[in-house]
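Structural overview
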Amino acid sequence: AKQIIAKIKRSNIVGTISAIDKTIYTIAEISGPATKIDLSDAVSLKMINSKNQIIVAKMENFKEGDTAFAIAYFPDPSSNTLSTLKAIDLAK
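This report concerns the structure included in the present document. Here the structure is a predicted model, which is why all the values come from computation and not from measurement.

Aromatic ring pairs are defined here through the distance separating the ring centres and the angle between the ring planes. Scanning the entire structure with this criterion turns up 1 aromatic pair. Residues Tyr25 and Phe62 carry aromatic rings whose centres are separated by 6.4 Å and whose planes lie at 75 degrees to one another, so their mutual orientation is edge-to-face. Of the two residues, Tyr25 sits in strand S2 (residues 24-29) while Phe62 sits in the loop between strand S5 (54-56) and strand S6 (67-73), which places them 37 residues apart along the sequence. A single burial state applies to Tyr25 and to Phe62, both of which are buried.

In this section: the pairing of S2. Pairing between strand S1 (residues 10-21) and S2: 6 bridges, direction antiparallel. Note on S2: the bridge partner recorded for Asp21 is Ile24. Between S1 and the antiparallel strand that follows it, S2, lie 2 residues; Lys22 among them carries a positive phi value of about 60 degrees. The pairing of S2 with strand S3 (residues 34-38) spans 5 bridges and is antiparallel.

Moving on, we get to the pairing of strand S7 (residues 81-89). The element S7 is largely enclosed, with a buried count of 8 among its 9 residues. As defined by bridge partners, S3 adjoins S7 across 3 bridges and the pair is classed as parallel. Counted as the bridge partner of Asp38 is Ser83 from S7. The pairing of strand S4 (residues 44-48) with S7 spans 4 bridges and is classified as parallel. Among the inter-strand pairings, Ser44 is bridged to a residue of S7, identified as Lys86. Bridge count between S6 and S7: 6 bridges; the pairing is antiparallel. Bridge assignment links Ala70 to a residue of S7, and that residue is Ala87.

Judged by nonpolar contacts, the single largest core of 15 residues is most densely connected at Ile37, Leu39 and Phe62. Ranked by residues supplied to this core, first place goes to S6 with 3 residues. Every residue in contact with Phe62, bar those within four places of it in the chain, is listed here: Ile17, Ile20, Tyr25, Leu39, Leu45, Lys46, Ala57, Ala68, Ala87, Ile88 and Asp89.

Attention now moves to the environment of Asn80. With respect to the helices and strands, the residue Asn80 is situated in the loop between S6 and S7. Taking the C-alpha atoms as reference points, Asn80 and Ala28, separated by 52 residues in sequence, lie 14 Å from one another. Apart from residues lying up to four places away in sequence, Asn80 is in contact with Lys36 and Phe74. A polar contact of 3.3 Å, which involves the side chain of Asn80, links it to the side chain of Thr81.

Calculation criteria
Each chain has its residues counted from 1, running along the sequence as written. It should be noted that, the model being predicted, local features are given only for residues of pLDDT at least 70 and side-chain atom pairs only at 80 or more, the latter also being counted only at that level, while totals for whole chains, interfaces and linings use all residues. As a convention, hydrogens and water are excluded, and side-chain values are obtained from all of the structure's heavy atoms. Two rings from Phe, Tyr or Trp (for Trp, the six-membered ring) form a pair when their centres sit within 6.5 Å of each other. Planes less than 30 degrees apart are called stacked, planes more than 60 degrees apart edge-to-face, and all others tilted. Think of it this way: any DSSP run of H or I at least four residues long counts as a helix, any run of E at least two long counts as a strand, and we number them from the N terminus. Using a 1.4 Å probe on the protein chains alone, a residue whose accessible area is under 20% of its type maximum counts as buried, one over 50% counts as exposed, and one in between counts as partly exposed. Should DSSP find at least two bridges between two strands, the strands are regarded as paired. What makes a nonpolar core is a set of buried Ala, Val, Leu, Ile, Met, Phe, Trp, Tyr and Cys residues whose side-chain atoms join them at distances within 4.5 Å. By the convention used here, residues are in contact when the closest approach between their heavy atoms is within 4.5 Å. Within 3.5 Å is the distance limit for a polar contact, defined as a pair of N or O atoms, with the added protein rule that one can donate a hydrogen and the other accept it, and that residues adjacent in sequence qualify only through two side-chain atoms.

In structure tokens:
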């Protein structure tokens, strides 16, 4: 196993990517505040291609203005950046 995630509190983040700083992506959530997520440790990154198929993605596929969904958690309670488990770029 790459990670054991059974006992962590996960959050689902959905919104528009509003800023990118290296591996830290700020997502303006649809029904809430902006949230910072770190994509560098993600177990799975996906995207939807022009044929509406879900395919493997890289961090550089996630661009400002795209809509994204991420499953993330706080690795350290004092941190204000979530670590990402899985993310999908929903832009076509």
